[in-house]
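Chain by chain, the residues:
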Amino acid sequence: MSERERRRQLRRRVSAAFVGAWLAVSPATAQPIPCGDYREIVRQLAEKHGERAAGRGLSASGNVVELLRAEDGGWTLLMVLPNGRACLMSMGEAWQPVEAARPGDEI
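Bringing helix α2 (residues 38–49) into the picture now. Taking 1.5 Å as the rise per residue, α2 with 12 residues should run 16 Å; its terminal C-alpha atoms sit 16 Å apart, in good agreement. Of the residues making up α2, those classed as buried are I41, Q44, L45 and H49. For α2, the buried positions fall inside an angular range of 100 degrees around the axis, keeping them on one side. Opposite the buried face of α2, by more than 90 degrees, sit the exposed residues R39 and E47.

Applying the stated criterion to the full structure yields one disulfide. Two residues, C35 and C87, share a disulfide whose sulfurs are 1.9 Å apart. Here the disulfide of C35 and C87 is right-handed, its torsion about the S-S bond being about 105 degrees. Of the two residues, C35 is situated in strand β1 (residues 35–37) and C87 in strand β5 (residues 85–92); the sequence distance between them amounts to 52 residues.

Once that is clear, we can look at the pairing of strand β4 (residues 75–80). Within β4, five of the six residues are buried, leaving the element largely enclosed by the surrounding structure. Summarising the sheet, strand β3 (residues 64–69) and β4 pair through six bridges and their orientation is antiparallel. Within the sheet, the bridge partner assigned to E66 lies in β4 and is L78. By the bridge criterion, six bridges tie β4 to β5 in an arrangement that is antiparallel. Residue pairing in the sheet places W75 in a bridge with G92 of β5. Count of turn residues in the β4/β5 antiparallel hairpin: four residues, of which G84 carries a positive phi of about 95 degrees.

The next subject is the pattern of salt bridges. Considering all chains together, one arrives at three salt bridges under this definition. The closest approach of N and O atoms between E47 and R43, which form a salt bridge, is 2.8 Å. Of the two residues, E47 and R43 both sit in helix α2, four residues apart, roughly one turn of that helix. Residue class for R43 comes out partly exposed when judged on its relative accessible area of 36%. Overlapping salt bridges bring together E40, R43 and E47 as one network.

So, on to the environment of V65. Summarising the element assignment, V65 is placed in strand β3. When the C-alpha positions of V65 and V80 are compared, they lie 6.1 Å apart, and in sequence the two are 15 residues distant. Discounting chain neighbours no more than four positions away, the residues touching V65 are G55, R56, G57, S59, L77, L78 and M79.

Calculation rules
Residues numbered from 1 in each chain as written. Predicted model: local features only at pLDDT ≥ 70, side-chain atom pairs only at ≥ 80, totals over all residues. Heavy atoms only, no water. Helix = DSSP H or I, 4+ residues; strand = E, 2+ residues; numbered from the N terminus. Expected span 1.5 Å × (residues − 1). Buried < 20%, exposed > 50% of the residue type's maximum accessible area, 1.4 Å probe, protein only. Arc of directions from axis to C-beta. Disulfide = S-S within 2.5 Å. Pairing = 2+ DSSP bridges. Salt bridge = Lys/Arg side-chain N within 4 Å of Asp/Glu carboxyl O. Contact = heavy atoms within 4.5 Å.

Here is the structure:
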């Protein structure tokens, strides 16, 4: 097994444990998606996965959407609420930065 594949498997296991722990501290009936303290989540993602904020924007609902990414291509998308809690929207691997598209460019 290659080093890259070992890191992927480790990332999947750690991510599953992280989400499991996150769910354990969030009442399952009150939270349909895993949520927790923003600072703690960002700290854990940095320590365990090397993820750092790569971009953020304000959603129509007034929440901040933040993308965190790691050099190895791992990424996490968070919804940050005004009260300081953050909710996991998605996570994955193989993130590829792209240049901004211009009008008329094909995707």
